[in-house]
Amino acid sequence: MDPDPAPATKARAVFALGLVGFLTGVFVGGLIPATIALLMARQAARDAYAAGGYLTGSAWIRRGRRLAWAGIVLAITALVVATIAGLLHLASAPAGPDFAPGTD
């Protein structure tokens, strides 16, 4: 007697964490939920494989992975843009002390 297919609970959690990682990726805080989503996606895919097709939710896992990677890319992009903006701000600042004209 074969068991009935059951939805994987981790699959929805992967999607939710991936979505949170994507939505907060620009603020760099999305790295944490995105990383947790990727780790949990690996576990959920392994559980689904071990269940022999009786755990459903592989589409939710794929979507969660994509959203998590997109959140990580957004966070890295935000860090690069912030670094470039900081370097440009430093480059426009005067290099040394500014003395009055005629001072030796």
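Residues numbered from 1 in each chain as written. Predicted model: local features only at pLDDT ≥ 70, side-chain atom pairs only at ≥ 80, totals over all residues. Heavy atoms only, no water.

Undergrad: Quick question: what am I supposed to make of the nonpolar core here?
TA: Soluble globular proteins tend to pack their nonpolar side chains together in the buried interior. Core analysis: the biggest nonpolar cluster contains 6 residues, these being Ala8, Ala11, Val14, Ala41, Ala44 and Ile61. Contributions of two or more residues to this core are made by helix 1 (9-23) and helix 2 (31-50). The next biggest cluster of nonpolar side chains, apart from the first, holds 5 residues, and it includes Ala37, Leu38, Ala68 and Ile72. (Core = buried A, V, L, I, M, F, W, Y, C linked by side-chain atoms within 4.5 Å. Buried < 20%, exposed > 50% of the residue type's maximum accessible area, 1.4 Å probe, protein only. Helix = DSSP H or I, 4+ residues; strand = E, 2+ residues; numbered from the N terminus.)

Undergrad: Just to check I follow, could you spell out the packing of aromatic side chains for this structure?
TA: By the definition in use, this model includes 1 aromatic pair. A centroid spacing of 4.8 Å and a plane angle of 75° characterise the contact between Phe15 and Trp60, whose relative ring orientation is edge-to-face. Taken together, the positions of Phe15 in helix 1 and Trp60 in helix 3 (residues 58-92) put the pair 45 residues apart, joining distant regions of the chain. Taking relative accessible area as the criterion, Phe15 reaches 21% and is therefore assigned partly exposed. Just above the ring of Trp60 sits the side chain of Arg63; from NZ or CZ to the centre is 5.2 Å. (Phe/Tyr/Trp six-rings, centres within 6.5 Å; stacked < 30°, edge-to-face > 60°. Lys NZ or Arg CZ within 6 Å of the ring centre and 35° of its normal.)

Undergrad: Sorry if this is basic, but what is going on with the environment of Gly29 here?
TA: Secondary-structure assignment places Gly29 in the loop between helix 1 and helix 2. Accessibility expressed as a relative area gives 40% for Gly29, which makes it partly exposed. As for Gly29 and Gly71, which are separated by 42 residues in sequence, their C-alpha atoms are 9.4 Å apart.

Undergrad: It is not clear to me how the pattern of salt bridges should be interpreted in this structure. Could you clarify?
TA: Once their charged atoms are close, side chains differing in charge can pair, the charge on each being opposite to the other. Applying the stated criterion across every chain, the model contains 1 salt bridge. As a salt-bridge pair, Asp47 and Lys10 come within 3.2 Å of each other at their nearest N and O atoms. Within this pair, whereas Asp47 is found in helix 2, its partner Lys10 is found in helix 1, the two being separated by 37 residues in sequence. What makes Lys10 partly exposed here is its relative accessible area of 27%. (Salt bridge = Lys/Arg side-chain N within 4 Å of Asp/Glu carboxyl O.)

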